[in-house]
Amino acid sequence: MKIPKNVKAMPWPEDIHSGNEDYRVSLSWPVAEHERLLVVTFLVNRNKAVGYGRTAQDAAKNFRLICFKKQNRAVILYQGERQGKRHRLRPAMRQMRTDPRTCYPRIDERDEAALAKWLGRTETQNHFLDHLENWVDQALNAEKQAEADARGELRDEDVDLCPGELPEGLEEWVRREIIGRDHTLVYKKGNVRGVCFRCGRKVHAGPWQRFRQFSITRCPDCGEEVICVLSRTDHFRAEYVKNIVAAQLGTDGKTVFFRQWHVKRDPTARYEQVAPWLEEFGRYAVRGNRAAKWLHEYKENYCMNAYRYRMDVWTRFSGVEVYDGSYEFFEGSLEGAVAGTRLQYADIPGYHQTSWTQYRDGGYGYHNVVRYAMDWARYPVMEFLWKAGYKNLVFQRVAGLSKENRNAVRWSRGKLKECFKFPLRLLKLKPADQWNMEDVQKLTKLWGYHELGSLAERDISEMLEMDLHFDLLENAMAYAPLRKIIKYLSGQTEAHHGNLEQTYRDYIQECGQLRLDLHSREILFPRDLQEAHNRTMAQISYQKNKADQEKFAAQVKKLERWAWERGALLIRPARAQKELSDEGAALHHCVGGYIQRVANGETAIFFVRKKAEPEKPYFTLELRDKRVIQCRTKNNKSYELVPEIRNFVVSWLEERVNKKAGRAKKKTAHAA
Ligand SMILES: [Zn+2]
């Protein structure tokens, strides 16, 4: 943000170190670019702690507020800095809040009067700094709005550019194509009486017949095939026939609206007029390369049902997702709606016909004209892809991209060659209509390998056709070109089906862990991959085990001090990992799974045994923070049920584990 030179050059007053005020505020009136500016200087009183809302770094700095009244703009300049930063303006002004209890500024009477005059105010709560904050706020908002306008963004209130009347021909189309093709029979509780929306008559199920939810049957009256729906349920079809969308040009002549309605059910199936049964709930607008969305309804999904709520006003929503799933598109008003706008080049009819046919015929089941139009407007590359025949990519884009291929194309780039992460000539490797997003993603990867020197360009075409998980081979590419790796793996395929790349990836990783020399051909390309992988796996688990064993032994050593015996019983820590798993096996509980946690010192396992049979598992005890978490024998039976063991364990805790605590307890017992 530009600050006039003479304002930057203004000297700063000396710091203040006395008085009761948080700030000392003074005004100056420099002239720049033929305008008299208002500069408000805020000096921090070093004697007082300030900083509500401001960052610690900013809190101690003096700053100036520079107000351009004509341009309706405000800039903040901190002492010692050269530029104003917009995001620091509001927090700084928040200091001057209307509440005089949190901020006490001092301003002399003449300046206060001048500020009041500048703001056009007569009453104040805090020396007109409250009004100054408001002025800054509105200036900031105006500035942001001007920027959004310059970018061509739609404003919230642009929803009102949509005409109120229905598009021409819509009602006839709804009567013919939506109501006229409605194959629904809505029946009442009792499953006998209902209304057939095919013939529009009240019907009665035949003898021994019942209407059932979502079952397909023949109307007892007209004999047409209908789907049965129970009335007054929250199911969409009980209340609505369908959702529809039609395009209409906004009253500004530039904004194209896609309006979305529910076609509601006339319970009598008569539909004397169509318009009363249309309930508009969505408006999507396209202007230039911008899109916006407003809704008049929201829904909550609960147990497979959607509960719909009407909102009082049109509400702007971010994003371009089309609300409420599928809809049918009325093409009749399209031509007039897009004429003279950029969208007239978007071939919406072409998209509509192909996608709708495929959708209706149960192809890949997605069509979304609104989204097509919005994406076409927002992403220049869409036009190229569509016209050059890469239509599958467009269909995929409109249907929504997956996590894997979201970044396959740089959609927002303006220049075609920047949209792809590989040279455009590679798009000729296959006929245009055979490309899909997964191919583009794959080619992007392959081109990356080429750039790293792992793959020759002439080999890309062949690799593109291969059904391999190339990314699993990336760790091996550091040691050999991709082509050689694939050739090696193809020699292995016959013996091992399926996840060969996975096995190889793991093998290479293990070689790295074991510090084997992958530059040696014998190691990089072992004769039998599976066998070599088994070997490295075994070696790693052995080494890992060794480390664990050492940790385990160290823990056991600590626990030995609590080994103890009394009467016919003894207690001691588990001394080896194998003991733990054996104990678990003998007593049928899960102590075998505790090895890692014991090694980490998170818990301790002790064995309670009979002195006469010291090798035979009896009770197993888990001790954590000197407390018994559990002590169990065969089939998880607890020690509390065996008095002999319970007394033994209690004494052990008192006399050995919590020795000091035990004595203290006895003392208090005597005292009481
Ligand atoms: Zn009928």
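The structure contained in this document is the topic of the report that follows. Every value quoted in this text rests on a predicted model; they were computed, and no experiment measured them.

1. Considering the overall build of the protein
Then, in step 1: Of regular secondary structure, the protein possesses 23 helices and 24 strands.
Then, in step 2: The buried share of the protein, reckoned over its 672 residues, is 44%.
Then, in step 3: Total accessible area on the protein stands at roughly 36,800 Å², and carbon and sulfur atoms take up 49% of it.
Then, in step 4: Across the protein, the centroid of the 113 positively charged side chains sits 5 Å from that of the 90 negatively charged ones.

2. Quick notes on the pattern of salt bridges
Then, in step 1: In this structure the tally under the stated criterion is 45 salt bridges.
Then, in step 2: R371 is the salt-bridge partner of E321, the closest N and O atoms lying 3.3 Å from each other. Pair noted here: E321 is in the loop between β17 (305-317) and β18 (328-330) and R371 is in helix α10 (residues 369-378), with a separation of 50 residues, a long-range link.
Then, in step 3: For R371, a relative accessible area of 6% corresponds to the buried category.
Then, in step 4: One network of salt bridges, with partners in common, ties together E321, R371, D375, R378 and R397.

3. Quick notes on the side chain of N405
Then, in step 1: Within the secondary structure, N405 sits in the loop between α12 (391-399) and α13 (416-419).
Then, in step 2: In this structure the side chain of N405 is engaged in a polar contact, spanning 3.0 Å, whose partner is the backbone nitrogen of S402.
Then, in step 3: Those residues in contact with N405 that sit more than four places away from it in its chain are Q396, M437, E438 and Q441.

4. Looking at the environment of E501
Then, in step 1: Relative to the assigned elements, E501 resides in helix α17 (residues 500-513).
Then, in step 2: E501 sits in the buried class, given a relative accessible area of 6%.
Then, in step 3: Each C-alpha atom of the pair E501 and G80 lies 60 Å from the other, and the pair is 421 residues apart in sequence.
Then, in step 4: Apart from residues no more than four positions distant in its own chain, E501 is found in contact with D467, L468, H469, L472 and L473.
Then, in step 5: Separated by 2.7 Å, the side chain of E501 and the backbone nitrogen of H469 make a polar contact.

5. Topic: the sheet that holds strand β11 (residues 216-218)
Two strands in a sheet stick together by hydrogen bonds in their backbones, pointing the same way (parallel) or opposite ways (antiparallel).
Then, in step 1: Judged by pairing direction, the sheet is mixed, and its five strands sit side by side in the order β10-β9-β8-β12-β11 without closing on themselves. The open sheet has two free edges, formed respectively by β10 (201-204) and β11, since each of these has just one partner strand. Sheet twist, expressed as the average angle between the axes of neighbouring strands with direction ignored, equals 40 degrees.
Then, in step 2: Relative to strand β12 (residues 225-230), β11 runs antiparallel, the two being bridged by three bridges. Bridging from a neighbouring strand, R218 pairs with E225 of β12.

6. Some details on a positive patch on the surface
Then, in step 1: Together, K188, R193, K202 and R232 make up a positively charged patch on the protein surface.
Then, in step 2: Locating K188 in the fold gives a position in the loop between β8 (184-187) and β9 (193-196).

7. Details of helix α5 (residues 129-150)
Then, in step 1: For α5, with 22 residues, the first-to-last C-alpha span of 31 Å sits near the 32 Å given by 1.5 Å per residue.
Then, in step 2: Among all positions of α5, only L129, D130, H131, L132, E133, W135, V136, A139, L140, E143 and A148 are buried.
Then, in step 3: Looking one or two residues past α5, G152 carries a phi angle of roughly 85 degrees, positive in sign.

8. Some points on the layout of surface pockets
Then, in step 1: Its boundaries defined by the atoms lining it, the largest pocket holds a volume of some 570 Å³.
Then, in step 2: Surrounding the largest pocket, 23 residues form its lining, E177, I178, K242, E328 and W356 being those nearest its centre.
Then, in step 3: Only α6 (170-179), α7 (236-239), β13 (240-249), β18 and α9 (348-360) provide two or more residues apiece to the lining of the largest pocket.
Then, in step 4: Ranked by residues supplied to the lining of the largest pocket, first place goes to α9 with four residues.
Then, in step 5: Residue composition of the lining of the largest pocket, grouped by class: eight nonpolar, six polar and nine charged.
Then, in step 6: Computed from the structure, the second largest pocket encloses a volume of approximately 480 Å³.
Then, in step 7: Looking at the second largest pocket, it is lined by 22 residues, and the ones nearest its centre are V186, K188, S231, R232 and P267.
Then, in step 8: If you list the elements that add at least two residues to the lining of the second largest pocket, you get β8, β9 and α7.
Then, in step 9: Tallied by class, residues from the lining of the second largest pocket come to eight nonpolar, five polar and nine charged.

9. Topic: the nonpolar core
Then, in step 1: Among the nonpolar cores identified, the biggest contains 79 residues, and F258, I348, Y372, L482 and Y504 are the most heavily contacted of them.
Then, in step 2: Looking at this core, the element that brings in the most residues is α10, giving seven residues.
Then, in step 3: If we skip the residues at most four places from it in the chain, I348 touches F258, F329, L334, V338, L343, V369, Y372 and A373.
Then, in step 4: V25, V44, A116 and A139 belong to the second-largest nonpolar core, a separate cluster that totals 29 residues.

10. Remarks on α9
Then, in step 1: The first and last C-alpha atoms of α9 sit 17 Å apart over 13 residues, in line with the 18 Å expected at 1.5 Å per residue.
Then, in step 2: Taken residue by residue, α9 has I348, G350, Y351, H352, S355 and W356 as its buried positions.
Then, in step 3: Turning to α9, the residues buried within the fold contact β14 (256-264), β18, α8 (334-338), α10, α11 (381-387) and α12.
Then, in step 4: Two or three places before G350, at the start of α9, stands the capping residue D347, its side-chain oxygen 3.0 Å from that residue's backbone nitrogen.

11. A word on the side chain of Q248
Then, in step 1: Inspection of the secondary structure puts Q248 in strand β13.
Then, in step 2: Here E165 takes part through its backbone oxygen, which lies 3.0 Å from a polar atom of the side chain of Q248.
Then, in step 3: Residues within four places of Q248 in sequence aside, it is in contact with P163, E165, L166, P167, T255, V256, F257, R259 and A337.

12. Observations concerning unusual backbone geometry
Then, in step 1: Even without being glycine, F128 reaches a positive phi, approximately 70 degrees.
Then, in step 2: Summarising the element assignment, F128 is placed in the loop between α4 (109-119) and α5.
Then, in step 3: For D347, which is not glycine, the phi dihedral falls at a positive 50 degrees.
Then, in step 4: Within the secondary structure layout, D347 lies in the loop between α8 and α9.
Then, in step 5: Take D347: its relative accessible area is 32%, and that puts it in the partly exposed class.

13. Digging into the coordination of the zinc ion
Then, in step 1: At the metal site, the zinc ion is ligated by C196 (SG), C199 (SG), C219 (SG) and C222 (SG), and these contacts range over 2.2 to 2.3 Å.
Then, in step 2: Coordination of the zinc ion draws on donor residues from a single chain, spaced C-x2-C-x19-C-x2-C in sequence. Taken together, the residues C196 in strand β9 and C219 in the loop between β11 and β12 connect sequence positions 23 residues apart. You'll find C196 and C219 in the same group, each marked buried.

14. Let's talk about the pairing of strand β4 (residues 38-44)
Then, in step 1: For β4, the tally of buried residues reaches seven of seven residues, placing the bulk of the element in the interior.
Then, in step 2: Of the two faces of β4, the one lined by L38, V40, F42 and V44 and the one lined by V39, T41 and L43 are each fully buried.
Then, in step 3: Pairing geometry for strand β1 (residues 23-28) and β4, over six bridges, is antiparallel. Along β4, the bridge assignment pairs R24 with L43.
Then, in step 4: Direction of pairing for β4 relative to strand β5 (residues 63-68): antiparallel, over a ladder of five bridges. Residue pairing across strands places V40 opposite L65, the latter belonging to β5.

Analysis parameters
- Residues numbered from 1 in each chain as written.
- Predicted model: local features only at pLDDT ≥ 70, side-chain atom pairs only at ≥ 80, totals over all residues.
- Heavy atoms only, no water.
- Helix = DSSP H or I, 4+ residues; strand = E, 2+ residues; numbered from the N terminus.
- Buried < 20%, exposed > 50% of the residue type's maximum accessible area, 1.4 Å probe, protein only.
- Areas by Shrake-Rupley, 256 points an atom, 1.4 Å probe, with all protein chains shown as cover.
- Lys, Arg positive; Asp, Glu negative; His and termini not counted.
- Charge placed at Lys NZ, Arg CZ, Asp CG, Glu CD.
- Salt bridge = Lys/Arg side-chain N within 4 Å of Asp/Glu carboxyl O.
- Polar contact = N/O pair within 3.5 Å; in protein donor to acceptor, adjacent residues only side chain to side chain.
- Contact = heavy atoms within 4.5 Å.
- Pairing = 2+ DSSP bridges.
- Axes fitted to C-alpha atoms, helices over the stretch in contact; angles between N-to-C directions.
- Patch = residues over 30% accessible without salt bridge, like charges linked within 9 Å, V, L, I, M, F, W, Y side chains within 5 Å.
- Expected span 1.5 Å × (residues − 1).
- 1 Å grid on protein atoms, 1.4 Å probe; cavity = no way out; pocket = protein on both sides within 12 Å on 5 of 7 lines; lining within 4 Å.
- Points joined across faces, edges and corners; volume = space filled by probe spheres on them.
- Nonpolar A, V, L, I, M, F, W, Y, C, P; charged D, E, K, R; others polar.
- Core = buried A, V, L, I, M, F, W, Y, C linked by side-chain atoms within 4.5 Å.
- Donors = N, O, S within 2.8 Å, 3.2 Å for Na, K, Ca; no water.

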